[in-house]
Structures are given as C-alpha cells and as structure tokens.
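Geometric and topological summary
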Amino acid sequence: MTFAFRPLDPLKDAELLHSWLTHPKAAYWMMQDATLVDIERAYMEIAADEHQHALLGLRDGEPAFLMEYYDPRHRELVGLYEPLPGDVGMHFLTPATDRPVHGFTRSVITAVMARLFEDPATRRVVVEPDVTNKAVHALNEAVGFVPAHEIQKPEKKALLSFCTRERFFEKKPGLMATGVTA
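Rules used throughout
Residues numbered from 1 in each chain as written. Predicted model: local features only at pLDDT ≥ 70, side-chain atom pairs only at ≥ 80, totals over all residues. Heavy atoms only, no water. Pairing = 2+ DSSP bridges. Helix = DSSP H or I, 4+ residues; strand = E, 2+ residues; numbered from the N terminus. Axes fitted to C-alpha atoms, helices over the stretch in contact; angles between N-to-C directions. Contact = heavy atoms within 4.5 Å. Buried < 20%, exposed > 50% of the residue type's maximum accessible area, 1.4 Å probe, protein only. Lys, Arg positive; Asp, Glu negative; His and termini not counted. Salt bridge = Lys/Arg side-chain N within 4 Å of Asp/Glu carboxyl O. Polar contact = N/O pair within 3.5 Å; in protein donor to acceptor, adjacent residues only side chain to side chain.

Taken in spatial order, the seven strands make up an open sheet running E1-E2-E3-E4-E5-E7-E6, and their pairing is mixed. Each edge of the open sheet carries a strand with a single partner, namely strand E1 (3-7) and strand E6 (146-152). The mean inter-strand angle of the sheet, taken between neighbouring strand axes irrespective of direction, is 30°. Alignment of strand E5 (residues 124-127) against strand E7 (residues 157-164), held across four bridges, turns out to be antiparallel. Bridge pairing links valine 127 to serine 161 in E7. Helix H1 (residues 14-21) contacts strand E2 (52-59), strand E3 (62-70) and strand E4 (87-93) of the sheet and is inclined by roughly 80° relative to E3.

To continue, consider the side chain of glutamate 68. In this structure, glutamate 68 sits in strand E3. An unpaired buried charge is present at glutamate 68: no salt bridge exists, and lysine 153, the closest side chain of opposite charge, is 9.3 Å distant. Looking at glutamate 68, its side chain comes within polar contact range of the side chain of tyrosine 43, at 2.5 Å. Among all residues touching glutamate 68, those that are not within four sequence positions of it are Trp29, Tyr43, Ile46, His53, Ala54, Gly89, Met90 and His91.

Turning our attention to the pattern of salt bridges. A complete count under the given rule lists 10 salt bridges for this structure. The partner of lysine 157 in a salt bridge is glutamate 150, with the nearest N and O atoms 3.8 Å apart. The residue glutamate 155 makes a salt bridge to lysine 153 at a minimum N-O spacing of 3.1 Å. Since its relative accessible area comes to 39%, glutamate 155 is described here as partly exposed. Look at lysine 153 and you get buried, because its relative accessible area is 3%. One continuous salt-bridge network, built from bridges that share partners, spans Glu76, Glu128, Lys153, Glu155 and Lys156.

Take a look at the structure:
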C-alpha cells in the first residue's frame, strides 16, 4: 500500500475526525463524548503549536488515517522521562471500517514511522499507549519499538516505548522516504 500525507485542516477535516475519534474503536483516544466544536478546537490548538503537528494519511488521495507527532520535551511526556536529542513522540489512528483490509494498520504504522524518520534529526520515536492496549503494543513491536517501562500520565497508565532509526530500518529494510510502500 502506498500512502501520502497532508497537513490536517482543523476546520475542513473536523467532521471526518469527529466521526473517527468518537467511534467506540477509538476509545483509547478518550474523545468519545467530544462535540464537533471540541474536535475543531483541539486541532486548532495543535495547528497553532510549534511543538506538535497533525497530518492526514491519504490512500489513493482519500483520507485514510490520522498521524500526530510532537516534541516530548514540550508536550505529552514532560517530566515523565528524560528525552534525548532527536526524540519525537507519535500517535496514529486508523478509523473503524465495515470493510477491514488485512495488513492495513501495520502498513499505516510503517508509513508513519518512515515519514518521521525522513527527518534526519529524528533519531528515536517515542510512544505512550495505554498499558491495556495490547493490539497497539503488538503493532509497535512489529516496527521495532522496545518497551521501557510504565508511566503514569494524568489520563492513563501508559507503556513508554522507543524505536530508534536503526531498529526500524532493521525491521523494515528497504523502506525510505515519502510514498512508502508497506
């Protein structure tokens, strides 16, 4: 599968994001009760913040998943671990569908990671999924994440995990640059 990325437009994309983020499948995003205005506001805040970014992943030109990345020295993990130069935090969401495609979510996380490592300054990707989210732990491991330890965030107990550039490309040899085929 080949994907492209575009910056998320908080107003134009809010309705789509609302349908994705309030679906029961997206429970770990903790936005089940969010209104359309809540979604617009949340993504307007991200768009205005130099330390975090939101992108839509496109498949055949159509929005297919959400990708967020952030500087853990300034967002999400401040005070919860000692960030290293080149650390980038990441979240991704594949929306619920009536017609699942085998391997789609694994292809998405692979493309997201490849996109992050396109930046030569990115040395390590950091994630903090809920400790109970076993499905995402397996996906993370498949692309090279290694669990470090549990941390307590204000909203959840999380499994802090890291994936270095070297480990990712060791797991996914041959992947490079935008338009990753996974």
